[in-house]
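One-letter residues, chain by chain:
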Amino acid sequence: MKQVNLVLQSKGGVGKSLFIWFVAQNQKEEKTNFIDLDESTQTSVARLGAVVGDQRIRSFKILNEYKKLEREKIVELFEGLAGGKSDKYYVDFGAPESAEFLYLLQHDVPADILQQELAALGITLRVFVVVAGRDALASCVNYYNALMTALAGQFPLTMLVNMGTFGGMETAEKAVEKLKELGIDLKQFGDLGSGGAVKEIIDLISQPKPDPASLSLMSKIRYRKKQDEITEIIN
């Protein structure tokens, strides 16, 4: 069976590409491939290509000939991945494309039908929803709740809380505590620390040939902690 992992959020700028970048670093010695389904920015293509090589990352558009989003093309993507060479894929959805995936489930292909069809194609689907803090928190959680309802328990769904977007660890931890009280299955990522360490790691992400070995000792410690978090999330 092929494993396809979707990373979604209908709110932009929440850290989906950051999460995917760390996954790529985690999986660069594996045969995992990556799909950038973000028509607005295509931020993943160049950054991920620098980590895993251009052969393992490609973009996919769900635009029709009139430059309108056509959510049925998401189903075409699944068909294509079923015939792909890799056994594991991560798909980075842009904000508009994330909204279209929700609409696909709500209006076109119910989750139980999608699950049956994907199983017939030899695909298992796993869904991650990234949630950011501050002003983005409410809309992020609303998208998660709507998607959870639409998925109807047919596919594993995990909330990824970007701890670096709350304006401080105390605020982030309080938010996580409240979300856990709601019974949400969540994982935490994105807290890169403070001071020079966070700057070094952010600079590393933007480099054309990122090499974690070039980091200072404190930054390496932070980086390895982030990689341990990613390993726990994706395994």
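Throughout what follows, the structure given in this document is the object of discussion.

## Notes on the nonpolar core
With 76 residues, the main nonpolar core has Leu6, Phe78, Phe101, Val127 and Leu147 as its most contacted residues. In contact with phenylalanine 78, not counting residues within four places along its chain, are Val4, Leu6, Phe101, Leu114, Leu118, Leu121, Ile123 and Leu125.

## Examining the sheet that holds strand S3 (residues 57-59)
Taken in spatial order, the seven strands line up as S3-S2-S4-S1-S5-S6-S7 in an open sheet, and their pairing is parallel. Looking along the sheet, the strands with just one partner apiece sit at the ends: S3 and strand S7 (186-189). Neighbour-to-neighbour, the strand axes of the sheet open up by a mean angle of 25°, direction not taken into account. In terms of strand pairing, strand S1 (residues 2-8) meets strand S5 (residues 123-131) through seven bridges, oriented parallel. Each bridged residue has a counterpart across the sheet, and for valine 4 the counterpart in S5 is leucine 125. Seen against the sheet, helix H7 (residues 169-181) touches strand S6 (157-162) and S7 and runs at an angle of roughly 165° to S7. Where helix H9 (residues 217-234) meets the sheet, it contacts strand S4 (88-93), S5, S6 and S7, and its direction lies at approximately 160° from that of S7.

## Re the packing of helix H3 (residues 72-82) against helix H5 (residues 111-121)
Axis separation between H3 and H5 bottoms out at 10 Å; the angle between their running directions is 25°. Classified by the angle between their axes, H3 and H5 sit roughly parallel to one another. Between H3 and H5 the crossing geometry is right-handed. Where H3 approaches H5, its residues Phe78, Glu79 and Ala82 are matched on the opposing element by Leu114, Leu118 and Leu121. Among the residues making up the contact of H3 with H5, the classes are represented as five nonpolar, no polar and one charged.

## Points about the packing of aromatic side chains
Scanning the entire structure with this criterion turns up six aromatic pairs. Where phenylalanine 34 meets tyrosine 90, the ring centres are 5.9 Å apart and the plane angle is 20°; that geometry is what we call stacked. Here tyrosine 90 lies in strand S4 and phenylalanine 34 lies in strand S2 (residues 33-37), a separation of 56 residues in the sequence. A single burial state applies to phenylalanine 34 and to tyrosine 90, both of which are buried. The rings of Phe19, Phe128 and Phe189 are connected pair by pair, giving a single aromatic cluster.

## Let's talk about the side chain of asparagine 33
Relative to the helices and strands, asparagine 33 is located in strand S2. With sequence-adjacent residues up to four places away left out, asparagine 33 is seen in contact with Gln55, Arg56, Ser86, Lys88, Tyr89 and Tyr90.

## With respect to the packing of helix H1 (residues 16-27) against helix H8 (residues 196-206)
Running from N to C, H1 and H8 cross one another at 80°; their axes reach a closest spacing of 11 Å. In terms of axis orientation, H1 runs roughly perpendicular to H8. Side by side, H1 and H8 meet where Leu18, Trp21 and Phe22 of the first sit next to Ile201, Leu204 and Ile205 of the second. Of the residues contributing to the contact of H1 with H8, the split by class is six nonpolar, no polar and no charged.

## Some points on the side chain of aspartate 191
As for its position among the elements, aspartate 191 is in the loop between S7 and H8. Of the side chains bearing the opposite charge, lysine 226 lies closest to the buried aspartate 191, which forms no salt bridge; the N-O distance is 4.8 Å. Residues in contact with aspartate 191, not counting those within four places in the same chain, are Met163, Gly164, Met169 and Lys226.

## Brief notes about empty space enclosed by the protein
Empty space among the atoms becomes apparent when a probe as large as a water molecule is rolled across them. Following the criterion strictly, the structure yields one cavity of 30 Å³ or more and no others. Volume-wise, the largest cavity comes out at about 30 Å³. Forming the boundary of the largest cavity are Phe22, Phe189, Gly190, Leu192, Lys226, Glu229 and Ile230. For the lining of the largest cavity, the element with the highest residue contribution is H9, accounting for three residues. Taken together, the residues that form the lining of the largest cavity break down as four nonpolar, one polar and two charged.

## As for H1
Compared with an ideal rise of 1.5 Å per residue, which puts 12 residues at 16 Å, H1 spans 16 Å between its outermost C-alpha atoms and is within 8% of the ideal. Counting buried positions along H1 yields 10 of 12 residues, so the element is predominantly enclosed.

## So, unusual backbone geometry
A positive phi is found at arginine 134, a non-glycine position, where the angle reads about 55°. What makes arginine 134 exposed here is its relative accessible area of 61%. Unlike most non-glycine residues, alanine 152 shows phi in positive territory, near 50°. Here alanine 152 is to be found in the loop between helix H6 (137-151) and S6. By relative accessible area, which is 51% here, alanine 152 ends up exposed.

Cut-offs applied
- Residues numbered from 1 in each chain as written.
- Predicted model: local features only at pLDDT ≥ 70, side-chain atom pairs only at ≥ 80, totals over all residues.
- Heavy atoms only, no water.
- Core = buried A, V, L, I, M, F, W, Y, C linked by side-chain atoms within 4.5 Å.
- Buried < 20%, exposed > 50% of the residue type's maximum accessible area, 1.4 Å probe, protein only.
- Contact = heavy atoms within 4.5 Å.
- Pairing = 2+ DSSP bridges.
- Helix = DSSP H or I, 4+ residues; strand = E, 2+ residues; numbered from the N terminus.
- Axes fitted to C-alpha atoms, helices over the stretch in contact; angles between N-to-C directions.
- Parallel < 35°, antiparallel > 145°, perpendicular 65-115°, else oblique.
- Left-handed = near helix turned anticlockwise from the far one by under 90°.
- Nonpolar A, V, L, I, M, F, W, Y, C, P; charged D, E, K, R; others polar.
- Phe/Tyr/Trp six-rings, centres within 6.5 Å; stacked < 30°, edge-to-face > 60°.
- Lys, Arg positive; Asp, Glu negative; His and termini not counted.
- Salt bridge = Lys/Arg side-chain N within 4 Å of Asp/Glu carboxyl O.
- 1 Å grid on protein atoms, 1.4 Å probe; cavity = no way out; pocket = protein on both sides within 12 Å on 5 of 7 lines; lining within 4 Å.
- Points joined across faces, edges and corners; volume = space filled by probe spheres on them.
- Expected span 1.5 Å × (residues − 1).

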